[in-house]
Amino acid sequence: MMYAYITRRLLMLIPVLFGVSIFIFVMMRVVPGDVAMTILGTDATPESLAQLRKEFGLNLPLHQQYLNWMGGVLSGDFGESMRSGQAVLPDILSRFTITFELTLLSALISWIIAIPMGIIAAIRHNTKTDFSVRMVSLLGVSVPNFAMATVLILVLALFFSYSPPVGYIGFFEDPLRNLQILILPSLVLGTGMAGAVMRMTRSSVLEILRQDFIRTIRAKGARERVIIFDHALRNAMIPILTIIGMQVGTLLGGAVIIEQIFSLPGLGQLVLTAITQRDFTVVQGSVLFIAFVFVMINLLVDVLYSYLDPRINYK
Amino acid sequence: MNSILEIKNLSIDLVDGRKTYPVVNDINLSIKKKQRYGIVGESGSGKSLTSLAIMNLLADSLKITRGSIVLDGKHELTKMKKKELRKVRGHDISMIFQEPMTALDPLYPIEHQILEVLRFHFTFSKKQMRDMAVEMLKKVGISRPEQIMKNYPHQLSGGMRQRVMIAMALICSPKLLIADEPTTALDVTIQAQILDLMNELTEDFDTSILMITHDLGVIVEMCERVAVMYAGEIVEETTVAKLFSNPAHPYTSGLLRSVQSLGNRTQSLYSIPGTVPTPKQQTAGCRFASRCPHVMPVCNSSPPFLEIGNDHSTKCWLYAKEGVVNA
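Bear in mind the structure is a predicted one, so any value in this text is a computation, not a measurement.

Caption draft 1: Highlighting the packing of helix 8 (residues 175–209) of chain A against helix 10 (residues 224–252) of chain A. Residue and element names in this part refer to chain A. For the pair helix 8 and helix 10, interaxial distance at closest approach is 9 Å and the crossing angle is 145 degrees. Here helix 8 runs over helix 10; the crossing is right-handed. Grouping the constituent residues of the contact of helix 8 with helix 10 by class yields 18 nonpolar, five polar and no charged.

And the structure:
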């Protein structure tokens, strides 16, 4: 039953990705300027521009261009970068591993902070503890990542004479150095995410703790630990999971600003550079890939819902 | 004494910011071994709060300000440490609630929820606990216990869920079962079945019952003794037979008059004029005075709780001797 559901959801990917592909294709053609202009610069003659456009096939009618691109994508060939000539898909994948690692680490950090704090705030609600947790989470939600990142770098540099290593190294090449590179950006992203998760955990657990069945469990002689973790938290998990899914899905599309500040060659940076250079194939390929990842995360969250709550049953 | 539960001078306050309002005032009652004791009253009379106070399950905004609750003649429940209280809950005293829909955790199968009670109080093997649970489910009249154990609460009907609640409540053979409106949310036909079941099982388990209800019919069906509560106070306390044959307090008489009787359907149903005062509206004196047909000047001061006959007490000036009134 579950497999049938997953299969159906995967089939629904087709129209979604089709829509996204048309949208991004049109968007790239609508914005002023094209790759030939960015390569040749402002001094280019009309002839050399036309020559270069012909090379990239940009002189063809729009539908022809789209079909050429799509034909390649469907056979697994996302084309080459118009700027560097590198194959697009391998480039996306190698940058995605960085983004993926960054997301995973940030998410872990945010959960470690947010879920226990949220639970504590709910248990001690309307006390000083609750009040401080709410203040901190409000800060987490409202302080922009770039400000947080800048302050973090400055404080570390000025007071601890520490500056994070530059240049990315894969986890399997040098795990320690890899973590050193990723820990600061992850901290910034993680604390940012933690605010929202904390607020959701607090309100969700608080609501569950007021339910009748919690009173039943207490009346059965349960320890607080059992009440909180086995019953309250598990029941409160659905809205928390929803917000976590959104955060992770968004972050997997690349954290443009943070990647820029910490010079991480992630997916966000790839897309940003490609857009400024009007590198059509790279932008189109990356957006399609990001949409695919987002849909997959959503599917994963929906599957987790039914695992958490027996009342949610997909047919 | 062979009292299972002895409540003395219990008062509960509602704390709202810096203000406090009394919601339960000076309750006294004593439940004997194997006795079935009923508390009857409208919503807001404080009957549920009294029952929750016994298990110390009151919400944070409600505080026991005075009085004692003694279990089995030796354990003072209001002053118990959390750890000791956990041993009492579910083991010595257990509870059934009004809404079987929301009283079970929706995310766990029935088996987990029944076994939990055993796990909290004993160290049996999983196999033993399963066998006990199956046995108990059979006793509450569930015909396919193995099947039901695997089900989740949302897959069961209201009556089935209440049977599961009863099984859970009685599996540790408690000394006292507190049933807070156990049949209110159920169909009428199911109500009778559940009451019969409770009657039967508490007999088998030597369990006393404290029945909290607004339904005089349930009291007749189930209880031997009864306390009538109004606006946070007990206004009359006696045996069920005496209460029905010879109600003393004007509120009790009003309650009895507002019950529909089968033989007399031509008249419209009687209702007591006015509403129960909220804790914030309460004034000095008798709390029923504003709705009472026999109201007298003396009702402006709080009436004493008087013994008016053999095993029959009420809180009303009508029964005060001359001397008492003037005092």
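Caption draft 2: Region of interest: the sheet that holds strand 2 (residues 19–32) of chain B. All names here are of chain B. Read from one edge of the open sheet, four strands run 2-1-4-5, paired in antiparallel fashion. A strand with exactly one partner marks an edge of an open sheet, and here the two such strands are strand 2 and strand 5 (75–76). In the sheet, strand 1 (residues 3–16) pairs with strand 4 (residues 62–71) via eight bridges, with the strands oriented antiparallel. By the bridge assignment for strand 4, Ser 11 is matched with Arg 66. In the packing of helix 1 (residues 47–54) onto the sheet, contacts are made with strand 1, strand 2 and strand 4, and the angle to strand 1 comes to roughly 115 degrees.

Caption draft 3: The arrangement of the nonpolar core in detail. B:Leu5 and B:Met198 are the most contacted members of the largest nonpolar core, which totals 100 residues. Top element by residues in this core is helix 6 (residues 158–170) of chain B. It accounts for seven residues. Once residues lying within four places of it in the same chain are set aside, the contact partners of B:Met198 are B:Ile96, B:Ile166, B:Leu177, B:Ala179, B:Pro182, B:Ile209, B:Met211 and B:Met222. Membership of the second largest hydrophobic core comes to 78 residues, among which are A:Tyr5, A:Leu17, A:Val35 and A:Ile240.

Caption draft 4: Expanded view of the sheet that holds strand 12 (residues 312–315) of chain B. All names here are of chain B. One open sheet accounts for eight strands, arranged 6-7-8-3-9-10-12-11; its pairing is mixed. With one partner strand each, in any of the chains shown, strand 6 (93–96) and strand 11 (305–309) form the two edges of the open sheet. Taken over all neighbouring pairs, the strand axes of this sheet differ in orientation by 20 degrees on average, direction set aside. As paired strands, strand 10 (residues 233–239) and strand 12 are joined by three bridges and run antiparallel to one another. Within strand 12, the position partnered with Glu 236 by the bridge is Thr 314. Each of strand 3 (36–40), strand 6, strand 7 (176–180), strand 8 (208–213) and strand 9 (225–230) touches helix 1; the most contacted strand, strand 8, lies at about 145 degrees to it.

Caption draft 5: Representation of a negative patch on the surface. All names here are of chain B. Taken together, the side chains of Asp 196, Glu 200, Asp 204 and Glu 221 present a region of like negative charge at the surface. Take the negative patch: its biggest share by element is three residues, from helix 7 (residues 188–205). Note that Asp 204 resides in helix 7.

Caption draft 6: Molecular detail of the UniProt feature "domain: ABC transporter" (unreviewed entry) in chain B. Per the UniProt annotation, the sites labelled "domain: ABC transporter" (unreviewed entry) are residues 5–256 of chain B. With 39% helix and 28% strand, the stretch residues 5–256 of chain B has end C-alpha atoms that lie 28 Å from each other.

Caption draft 7: Structural detail: the interface of chain B and chain A. Contact with chain B, which involves 26 residues of that partner, is made by 20 residues of chain A. In this assembly, chain B packs against chain A so that about 2200 Å² is buried in total across both faces, 60% of it on carbon and sulfur atoms. In terms of surface lost to chain A, no three residues of chain B exceed B:Arg86, B:Leu107 and B:Phe120, which account for 28% of the buried area on that side. Applying the counting rule to chain B against chain A returns one salt bridge.

Caption draft 8: Inspection of helix 7 of chain B at higher detail. Residue and element names in this part refer to chain B. Between its terminal C-alpha atoms helix 7 stretches 26 Å, which fits the 26 Å expected from 18 residues at 1.5 Å a residue. Restricting attention to buried positions, one finds in helix 7 the residues Gln 191, Ile 194, Leu 195, Leu 197, Met 198, Asn 199, Leu 201, Thr 202 and Phe 205. Downstream of helix 7 by a residue or two, Asp 206 has a phi angle that is positive, lying close to 55 degrees.

Caption draft 9: Layout of the packing of aromatic side chains. For the structure shown, the criterion picks out nine aromatic pairs over all chains. Summarising the aromatic geometry, the rings of A:Phe25 and A:Tyr66 are spaced 5.2 Å apart at their centres and angled 80 degrees between planes, so their arrangement reads as edge-to-face. Of the two residues, A:Phe25 sits in helix 1 (residues 2–30) while A:Tyr66 sits in helix 4 (residues 62–74), which places them 41 residues apart along the sequence. Of the residues examined, A:Phe25 reaches a relative accessible area of 5% and is grouped as buried. When its relative accessible area of 12% is taken as the criterion, A:Tyr66 is described as buried. Here B:Tyr230 and B:Phe288 contribute two aromatic rings whose centre-to-centre distance is 5.1 Å and whose plane-to-plane angle is 85 degrees, an arrangement assigned as edge-to-face. Of the two residues, B:Tyr230 is situated in strand 9 and B:Phe288 in the loop between helix 10 (250–257) and strand 11; the sequence distance between them amounts to 58 residues. Judged by its relative accessible area of 2%, B:Phe288 is buried. A network of ring pairs unites the aromatic residues A:Phe25, A:Tyr66 and A:Trp69 as a single cluster. Over the ring of A:Phe25 we find A:Arg29; its NZ or CZ atom is 3.9 Å from the centre of that ring. Positioned above the aromatic ring of B:Tyr108, the side-chain terminus of A:Arg234 is 5.0 Å from the ring centre.

Conventions and cut-offs
- Residues numbered from 1 in each chain as written.
- Chains lettered and ligands numbered in written order.
- Predicted model: local features only at pLDDT ≥ 70, side-chain atom pairs only at ≥ 80, totals over all residues.
- Heavy atoms only, no water.
- Axes fitted to C-alpha atoms, helices over the stretch in contact; angles between N-to-C directions.
- Helix = DSSP H or I, 4+ residues; strand = E, 2+ residues; numbered from the N terminus.
- Left-handed = near helix turned anticlockwise from the far one by under 90°.
- Nonpolar A, V, L, I, M, F, W, Y, C, P; charged D, E, K, R; others polar.
- Pairing = 2+ DSSP bridges.
- Contact = heavy atoms within 4.5 Å.
- Core = buried A, V, L, I, M, F, W, Y, C linked by side-chain atoms within 4.5 Å.
- Buried < 20%, exposed > 50% of the residue type's maximum accessible area, 1.4 Å probe, protein only.
- Patch = residues over 30% accessible without salt bridge, like charges linked within 9 Å, V, L, I, M, F, W, Y side chains within 5 Å.
- Areas by Shrake-Rupley, 256 points an atom, 1.4 Å probe, with all protein chains shown as cover.
- Salt bridge = Lys/Arg side-chain N within 4 Å of Asp/Glu carboxyl O.
- Lys, Arg positive; Asp, Glu negative; His and termini not counted.
- Charge placed at Lys NZ, Arg CZ, Asp CG, Glu CD.
- UniProt positions renumbered as here; feature names shortened; annotations may be inferred.
- Buried area = accessible area lost by both parts, 1.4 Å probe.
- Expected span 1.5 Å × (residues − 1).
- Phe/Tyr/Trp six-rings, centres within 6.5 Å; stacked < 30°, edge-to-face > 60°.
- Lys NZ or Arg CZ within 6 Å of the ring centre and 35° of its normal.

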